[in-house]
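Okay, here's what each chain looks like letter by letter:
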Amino acid sequence: MGTYAAVVLAGGAARRMGGVDKPALPVGGRSMRDRVLAAVDDAAPRVLVGPGDGVADGVRVTREDPPGGGPVAATAAGLALLDPGTTLVALLAADLPLLTRTAIGDLLTHLDRERSVEGVCFVDADGRRQSLCGVWRVAALRAGLARLAAERGGNLAGAPVRALLAGLAVGEVPWAGDGPPPWFDCDTDEDVRRAEEWVR
């Protein structure tokens, strides 16, 4: 597939969990954030958008403007740190403790095969796109950010991801691998407990 970058979004407020630093919560003895970064340890560069305390060496850290401004603002901040010429990026939420390199490899393979699409993401059994568990063409995301910025007077804070991806040709990838779905995100304490059970 060649090289790809990864942008991991870790700046959410976790309101349903009392405002804790959710990506720093451990699952199986390792923070969710570090689990996601490990799933893309072959990406170059790896960019974390959010608090970077204790992050692994070599990971570039930045914050969205304003901090807590949402996933679209965070995506813009992350893409700004990519190397010139980077064409592919995995755009990932930081609360996906079950994500694996195999799952990322599946996405990259699908994007390579589907030359007519501008990105691919997993879909769940109900057909819902898991947009923050996908791989995208950088040029398409940058075009979407420019369009949104023009529509919103330059303010990307609070913009929904679906608005960023509107109009993009998206390939949908069902999970066919063994084990739990890689897009399982932890929005509640119960979700964290379920993830713990899966990684045992």
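On a predicted model such as this, the values are computed, not experimentally measured, just so you know.

1. Points about the sheet that holds strand E5 (residues 60–62)
Then, number 1: Pairing in this open sheet of seven strands is mixed, and the strands run E5-E4-E1-E6-E8-E7-E9 from one edge to the other. Single-partner strands in this sheet number two, and they are E5 and strand E9 (170–174). Neighbour-to-neighbour, the strand axes of this sheet turn through a mean angle of 25°, independent of strand direction.
Then, number 2: Judged from the five bridges that link them, strand E7 (residues 119–123) and strand E8 (residues 129–137) form a sheet pairing that is antiparallel. When the bridges of E8 are listed, Val-123 appears paired with Arg-129.

2. Some words on unusual backbone geometry
Then, number 1: Going from Ala-44 to Pro-45, the amide bond is cis rather than trans, its omega being -5°.
Then, number 2: Here Pro-45 lies in the loop between helix H1 (32–39) and strand E4 (46–49).
Then, number 3: Residue Pro-66 follows Asp-65 across a cis peptide bond; omega there is -5°.
Then, number 4: One can find Pro-66 in the loop between E5 and helix H2 (71–79).

3. What to know about the nonpolar core
Then, number 1: Membership of the largest hydrophobic core comes to 32 residues, with the highest contact counts inside it found for Tyr-4, Leu-99, Ile-104 and Phe-122.
Then, number 2: Elements supplying a minimum of two residues to this core: strand E1 (5–9), H1, strand E6 (88–93), helix H3 (101–113), E7 and E8.
Then, number 3: By residue number, the principal contributor to this core is H3, which donates five residues.
Then, number 4: With sequence-adjacent residues up to four places away left out, Leu-99 is seen in contact with Val-36, Ala-39, Leu-92, Ile-104, Cys-133 and Pro-182.

4. Considering the packing of aromatic side chains
Then, number 1: Throughout the structure, instances matching the rule amount to three aromatic pairs.
Then, number 2: With a centroid separation of 5.7 Å and 85° between ring planes, the pair formed by Phe-122 and Trp-175 is classed as edge-to-face. Highlighted residues: Phe-122 in strand E7 and Trp-175 in the loop between E9 and helix H6 (189–199), separated in sequence by 53 residues.
Then, number 3: Ring plane angle 40° and centroid distance 5.9 Å describe the contact between Phe-122 and Trp-183, whose orientation is recorded as tilted. Note that Phe-122 is positioned in strand E7 and Trp-183 in the loop between E9 and H6, a separation of 61 residues in sequence. Here Phe-122 and Trp-183 have matching classes, each one buried.
Then, number 4: Joined through ring pairs, the aromatic side chains of Phe-122, Trp-175 and Trp-183 make up one cluster.

5. Side note on the side chain of Glu-64
Then, number 1: With respect to the helices, strands and loops of the structure, Glu-64 is situated in the loop between E5 and H2.
Then, number 2: The exposure class assigned to Glu-64 is buried, which follows from its relative accessible area of 4%.
Then, number 3: There is a polar contact of 3.4 Å between the side chain of Glu-64 and the side chain of Arg-63.
Then, number 4: A polar side-chain atom of Glu-64 sits 2.9 Å from the main-chain amide nitrogen of Gly-68.
Then, number 5: In this structure, Glu-64 is in contact with Gly-11, Val-49, Gly-69, Ala-73, Ala-74 and Ala-77, ignoring residues within four places of it in sequence.

6. Remarks on the packing of H2 against helix H4 (residues 138–151)
Then, number 1: Relative to each other, H2 and H4 sit at 130°, their axes nearing to 11 Å. The angle between the axes of H2 and H4 places the two elements in the oblique class. For the pair H2 and H4, the sense of crossing is left-handed. Across the interface between the two elements, Val-72, Thr-75, Ala-76 and Leu-79 of H2 pack against Leu-141, Arg-142, Leu-145 and Leu-148 of H4.
Then, number 2: Residues of the contact of H2 with H4, tallied by class, amount to six nonpolar, one polar and one charged.

Conventions used here
- Each chain has its residues counted from 1, running along the sequence as written.
- The model is predicted, so local features are restricted to residues of pLDDT at least 70 and side-chain atom pairs to those at 80 or more, both for listing and for counting; the totals for chains, interfaces and linings are taken over all residues.
- Note that the side-chain values use all heavy atoms of the structure and ignore hydrogens as well as water.
- For two strands to count as paired, DSSP must find a minimum of two bridges between them.
- Strands are runs of DSSP state E lasting at least two residues, helices are runs of H or I lasting at least four, and both sets are numbered from the N terminus onward.
- Simply put, an axis is a line fit to the C-alpha atoms, just over the touching stretch for a helix, and the angle between two N-to-C directions goes from 0 to 180 degrees.
- By nonpolar core is meant a set of buried Ala, Val, Leu, Ile, Met, Phe, Trp, Tyr and Cys residues that side-chain atoms within 4.5 Å join together.
- Whether a residue is buried, partly exposed or exposed follows from its accessible area with a 1.4 Å probe, protein chains only, as a fraction of its type maximum: under 20%, in between, or over 50%, in that order.
- Only heavy atoms enter the contact rule, under which two residues are in contact if any of them lie within 4.5 Å.
- Aromatic contacts are taken between Phe, Tyr and Trp rings whose centres are within 6.5 Å, Trp giving its six-membered ring; a plane angle under 30 degrees counts as stacked, one over 60 as edge-to-face, and the others as tilted.
- We call two N or O atoms a polar contact when they sit within 3.5 Å, provided that within protein one can donate a hydrogen and the other can accept it, with sequence-adjacent residues counted only if both atoms are side-chain atoms.
- Angle categories: roughly parallel below 35 degrees, roughly antiparallel above 145, roughly perpendicular from 65 to 115, and oblique for all the rest.
- Throughout, a crossing is termed right-handed when the near helix is turned clockwise from the far one, and left-handed when it is turned anticlockwise from it by less than a right angle.
- Under the convention adopted here, Pro, Cys and the residues Ala, Val, Leu, Ile, Met, Phe, Trp and Tyr are nonpolar, Asp, Glu, Lys and Arg are charged, and Gly plus all remaining residues are polar.

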